[in-house]
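The lines below spell out each chain.
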Amino acid sequence: MKSFQIVKSETMYRGRVFDVRQDQVRLPNDKLTDLDVVEHSGSITLLPIDDEGRIWFVRQYRHPARVELIELPAGVLENGETPEDCAYREIREETGMAARRLKRVGEFFLAPGYSTEYMYVFVATELHSSPLQRDADEFINVEKIPLEQVYEMARKGRFRDSKTLAALFLAQPHL
């Protein structure tokens, strides 16, 4: 069986968070097609749970969606940063808390039809105050929701971003 073969690849755009390239690909039937690919360094999302059994969420405006969403904290891997180091940094930036324990519970492609972004999911426990400066473009409100309410909220469609839903699914056996 023939495979997909990249004939030509060209970067069309370089951005702060991702680049966009266009690949000319020879399909298994020998036809050529152009595919646009968002190149991304990878990311993490966290399910922080405190000693009272509450999960820490962030509420923030998401411009592409044009709505404010309630999500699990997340962030982009910096150049050379491990997923664990990114998780330790992001929880402090977004919630003001640090985690003494992180447990990787899964990983997945966010949108493999057009993006290389690969996300790692962590459960963060033993939280304690240790804030870091937020990014200049982040306007975040932290919300703590009891674990027993979180999965009901998910079933009722209160969480509308894929990473939060996937992370809740992956973390459930570890809670």
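No experiment lies behind these values; they were computed from the predicted model shown.

**Section: the nonpolar core**
Point 1. Membership of the largest hydrophobic core comes to 19 residues, with the highest contact counts inside it found for Leu47, Ile55, Phe57, Leu72, Val150, Phe159 and Leu168.
Point 2. Among the secondary structure elements, those contributing two or more residues to this core are strand 5 (54–62), strand 8 (97–109), strand 9 (118–129), helix 2 (147–155) and helix 3 (162–171).
Point 3. The contact partners of Leu47, leaving out residues within four places of it in the chain, are Ile55, Leu72, Phe122, Val123, Ala124, Ala167, Leu168, Ala171 and Leu175.
Point 4. Residues Leu77, Cys86, Ala99 and Tyr120 belong to the second largest nonpolar core, which totals 14 residues.

**Digging into the packing of aromatic side chains**
Point 1. The full count for this structure, using the stated rule, is 4 aromatic pairs.
Point 2. Between Tyr13 and Phe18 the ring centres are 6.4 Å apart and the planes differ by 55 degrees, which places this aromatic pair in the tilted class.
Point 3. Taking relative accessible area as the criterion, Phe18 reaches 35% and is therefore assigned partly exposed.
Point 4. For the ring pair Phe109 and Tyr118, a centre distance of 4.8 Å and an interplane angle of 70 degrees mean the geometry is edge-to-face.
Point 5. Assessed through its relative accessible area of 47%, Phe109 is described here as partly exposed.
Point 6. A cation over a ring is seen here: Lys144 above Trp56, with NZ or CZ 4.6 Å from the ring centre.

**Here's the deal with the pairing of strand 2 (residues 18–26)**
Along a regular strand, successive side chains alternate from one face of the sheet to the other.
Point 1. Side chains Asp19, Arg21, Asp23 and Val25 project from strand 2 onto a buried face, and the interleaved Phe18, Val20, Gln22, Gln24 and Arg26 project onto a face without burial.
Point 2. Note that strand 1 (residues 5–14) and strand 2 share 8 bridges and pair antiparallel. Bridge pairing in strand 2 places Ser9 opposite Asp23.
Point 3. The loop that links strand 1 with its antiparallel partner strand 2 comprises 3 residues.
Point 4. Connecting strand 2 to the next strand, strand 3 (residues 32–40), in antiparallel fashion are 5 residues, including Asp30 with a positive phi near 75 degrees.

**A few points about the packing of helix 2 against helix 3**
Point 1. Their axes nearest at 11 Å, the elements helix 2 and helix 3 cross at an angle of 130 degrees. When the axes of helix 2 and helix 3 are compared, the pair comes out oblique. Considering how the two elements wind past one another, helix 2 and helix 3 form a crossing that is left-handed. Residue-level inspection shows Val150, Tyr151 and Ala154 of helix 2 in contact with helix 3, the latter providing Leu165, Leu168 and Ala171.

**Quick notes on helix 3**
Point 1. Those residues of helix 3 that fall on the buried side of the exposure criterion are Lys163, Thr164, Ala167, Leu168 and Ala171. Considered in projection along helix 3, the buried side chains sweep an arc of 130 degrees and stay on one side of the axis.

**Some points on the sheet that holds strand 1**
Point 1. Within the open sheet, the 3 strands sit side by side as 1-2-3. Their pairing is antiparallel. Each edge of the open sheet is held by one strand with a lone partner, namely strand 1 and strand 3. Between one strand and the next, the sheet's axes are offset by a mean angle of 25 degrees, whatever the strand orientation.

**What about a nonpolar patch on the surface?**
Point 1. On the surface, a nonpolar cluster with roughly 420 Å² of combined accessible area is contributed by Met12, Tyr13, Val17, Phe18 and Val76.
Point 2. Residue placement: Val76 occurs in strand 7 (residues 74–76).

The rules behind each value
Each chain has its residues counted from 1, following the order in which its sequence is written. In keeping with the model being predicted, local features are shown solely for residues with a pLDDT of at least 70 and side-chain atom pairs are shown and tallied solely at 80 or more, while totals for entire chains, interfaces and linings include all residues. The basis for every side-chain value is the complete set of non-hydrogen atoms in the structure, without hydrogens or water. For our purposes a nonpolar core is just a set of buried Ala, Val, Leu, Ile, Met, Phe, Trp, Tyr and Cys residues, chained together by side-chain atoms within 4.5 Å. Working definition: with a 1.4 Å probe on protein chains only, accessible area under 20% of the residue-type maximum means buried, over 50% means exposed, and in between means partly exposed. For the purposes of this entry, the term helix denotes a DSSP run of H or I that reaches at least four residues, the term strand denotes a run of E that reaches at least two, and both are numbered from the N terminus. Any two residues whose heavy atoms approach within 4.5 Å are treated as being in contact. The rule is short: rings of Phe, Tyr and Trp, with Trp giving its six-membered ring, pair when the centres are within 6.5 Å, and they are stacked under 30 degrees, edge-to-face over 60, tilted in between. A ring is considered to have a charge above it if a Lys NZ or an Arg CZ atom is located within 6 Å of its centre and within 35 degrees of its normal. When DSSP finds two or more bridges between a pair of strands, those strands are recorded as paired. Note on definitions: angles span 0 to 180 degrees between N-to-C directions of axes, and those axes are lines fitted to C-alpha atoms, for helices only across the stretch in contact. The scheme is simple: roughly parallel for angles under 35 degrees, roughly antiparallel for over 145, roughly perpendicular for 65 to 115, oblique for anything else. Crossings are classed by handedness, with left-handed meaning an anticlockwise turn of the near helix from the far one by less than a right angle and right-handed meaning a clockwise turn. Each direction from the helix axis to a C-beta atom contributes to the arc, which is the arc of those directions. Patch criteria: residues need more than 30% relative accessible area and no salt bridge. Like-charged residues are merged within 9 Å; nonpolar side chains of Val, Leu, Ile, Met, Phe, Trp and Tyr are merged within 5 Å. Using a 1.4 Å probe, the Shrake-Rupley method yields the accessible areas, and only the shown protein chains count as cover for residues. Here, a salt bridge means any side-chain nitrogen of Lys or Arg that lies within 4 Å of a carboxyl oxygen of Asp or Glu.

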